[in-house]
Amino acid sequence: MIDFKGTPFPTAMILHAVAFYVRYAVPHRDLEEITAERGVTVDHATLNRWIVKFSPQLAKIAQSRKHVTANSWPMDETCIRVRCKGTYLYRAVDPDGQTLDVTPSGRPDLPTARRFFKLTTGTNGVPVRGVIDKGCANLAGLMAVNEILKITGAGRIGTIRQIKDLSYVLEQAHRFIKRIIGLTMGLKAFHFAAATLSGFHVAPMIRKKQFPDKGISAFRQFAALAS
């Protein structure tokens, strides 16, 4: 449950603003106009603080409540721009395109790959098959995590496959994020990028029906994550 105490605005208004931003990525000043048209005057800087504060919390809850996914995972990273610098976004999905985990990082090296694979297996369990590209860092990171899993008795990844061109569903997920980042007029700082990107992945998870479907609207499912 998310604590909204100390915020002099209705919880529903905050959730509407955050949900609108992570789904449509409108610039903050445009979002300020949208909320004003609905009778609530909120400064764009306040809207920015809401997004940075509540998006990671909602994403963490989403991870804990999503459906169990398949045990074969395509994993890959893609480059995005943060303050005109290359930043890498690591992602793991299942064969149906459902999101397992997403982590931004400053560079695509062995420690980053190992940390991502360790986090993903810790959150989603150990897959039967891990599918990665031809990158040496990803292979070494996945093998290192596999060795840790064997030593600790937590199991092991049965098969590690290296494929030059990964699955279509993974590339589609990358394409969606790059498109929505373009709508934001760019990400200006890494801490803001990390918080915002975590929120950007909640909306597609709802669209892919990764949460118990109770026949309610996408926004109500989003708001339910806060309760």
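Residues numbered from 1 in each chain as written. Predicted model: local features only at pLDDT ≥ 70, side-chain atom pairs only at ≥ 80, totals over all residues. Heavy atoms only, no water.

S.K.: How do you make sense of the nonpolar core when you look at a structure like this?
M.R.: Soluble, globular proteins show a tendency: their nonpolar side chains are buried together. Counting 44 residues, the largest nonpolar core has Trp50, Ile177, Leu197, Phe200 and Phe222 as the members making the most contacts within it. The set of elements that each furnish at least two residues to this core consists of helix H1 (11–24), helix H2 (28–37), helix H3 (44–65), strand E1 (72–82), helix H6 (168–183), helix H7 (190–200), helix H8 (202–207) and helix H9 (218–224). If we skip the residues at most four places from it in the chain, Phe222 touches Leu15, Val18, Ala19, Val22, Leu58, Val202 and Ile206. In this structure, Phe117, Ile132, Val145 and Leu149 belong to the second largest nonpolar core, which totals 13 residues. (Core = buried A, V, L, I, M, F, W, Y, C linked by side-chain atoms within 4.5 Å. Buried < 20%, exposed > 50% of the residue type's maximum accessible area, 1.4 Å probe, protein only. Helix = DSSP H or I, 4+ residues; strand = E, 2+ residues; numbered from the N terminus. Contact = heavy atoms within 4.5 Å.)

S.K.: Would you explain the side chain of Asn138 in this entry?
M.R.: For Asn138, the location among the structural elements is in helix H5 (residues 136–152). Here Asp133 takes part through its side chain, which lies 3.2 Å from a polar atom of the side chain of Asn138. Apart from residues no more than four positions distant in its own chain, Asn138 is found in contact with Glu77, Tyr90, Ala113, Phe117, Ile132 and Asp133. (Polar contact = N/O pair within 3.5 Å; in protein donor to acceptor, adjacent residues only side chain to side chain.)

S.K.: Help me understand the packing of aromatic side chains, please; the structure alone is not making it clear to me.
M.R.: Centre-to-centre distance and the angle between the planes together describe a pair of aromatic rings. According to the stated counting rule, one finds six aromatic pairs in the structure shown. Aromatic side chains Phe20 and Tyr24 sit 5.0 Å apart centroid to centroid with 50° between the ring planes, which places their arrangement in the tilted category. Highlighted residues: Phe20 and Tyr24, both in helix H1, separated by four residues, approximately one helical turn. Residue classification places Phe20 among the partly exposed positions, given a relative accessible area of 28%. Relative to Phe200, the ring of Tyr21 lies with its centre 5.9 Å away and its plane at 25°, an arrangement referred to as stacked. Taken as a pair, Tyr21 in helix H1 and Phe200 in helix H7 lie far apart in primary sequence, 179 residues in all. Summarising the burial analysis for this pair, Tyr21 and Phe200 share the class buried. Three or more aromatic residues joined by ring pairs form one cluster here, namely Tyr90, Phe116 and Phe117. (Phe/Tyr/Trp six-rings, centres within 6.5 Å; stacked < 30°, edge-to-face > 60°.)

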